[in-house]
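Remarks on the overall topology
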Amino acid sequence: MIEENNIINKDISELNKRLGVVISLLLRMTPSDRPSRSLKEQVGILDDLGIRPRDIAEILGRTQPHINKELVGLRREKHKKHEQK
């Protein structure tokens, strides 16, 4: 039973990795006026979709502290835009 659970967990982990790759590829293919989206835009899209910073970091191949820094910047920008209205 334990060995069966280990196999299932390994399969789920592999599936999660592959889904991360699919998400990353789809994110890069989304329509934009430029050839590619900036990291900040990609982080913003994934954050808006409710994906956790840890998972965003894994999908984009960056460290979690780097993603957290980008999120802080994005939230500051949103806050400033909201205050200006």
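Notes on the structure in this doc start here. From a predicted model like this one, the values you see are computed outputs, not experimental measurements. (Residues numbered from 1 in each chain as written. Predicted model: local features only at pLDDT ≥ 70, side-chain atom pairs only at ≥ 80, totals over all residues. Heavy atoms only, no water.)

**Regarding the nonpolar core**
Counting residues in hydrophobic clusters, the biggest one holds 12 residues: Leu 27, Leu 39, Val 43, Leu 46, Ile 51, Ile 56, Ala 57, Ile 59, Leu 60, Ile 67, Leu 71 and Leu 74. Listing elements by their share of this core, those giving two or more residues are helix H2 (39-48), helix H3 (53-60) and helix H4 (64-84). Considering each element in turn, this core owes the most residues, 4 residues, to H3. With near-sequence residues (within four places) excluded, Leu 74 lies in contact with Lys 40, Val 43 and Gly 44. (Core = buried A, V, L, I, M, F, W, Y, C linked by side-chain atoms within 4.5 Å. Buried < 20%, exposed > 50% of the residue type's maximum accessible area, 1.4 Å probe, protein only. Helix = DSSP H or I, 4+ residues; strand = E, 2+ residues; numbered from the N terminus. Contact = heavy atoms within 4.5 Å.)

**What about the layout of surface pockets?**
Taken as a whole, the largest pocket encloses approximately 180 Å³ of empty space. Looking at the largest pocket, the residues that line it are Ser 13, Asn 16, Lys 17, Leu 19, Gly 20, Ile 23, Asp 55, Glu 58 and Ile 59. Of all the secondary structure elements, the ones that give two or more residues to the lining of the largest pocket are helix H1 (2-29) and H3. The element contributing the most residues to the lining of the largest pocket is H1, with 6 residues. Of the residues in the lining of the largest pocket, the class split is 3 nonpolar, 3 polar and 3 charged. (1 Å grid on protein atoms, 1.4 Å probe; cavity = no way out; pocket = protein on both sides within 12 Å on 5 of 7 lines; lining within 4 Å. Points joined across faces, edges and corners; volume = space filled by probe spheres on them. Nonpolar A, V, L, I, M, F, W, Y, C, P; charged D, E, K, R; others polar.)

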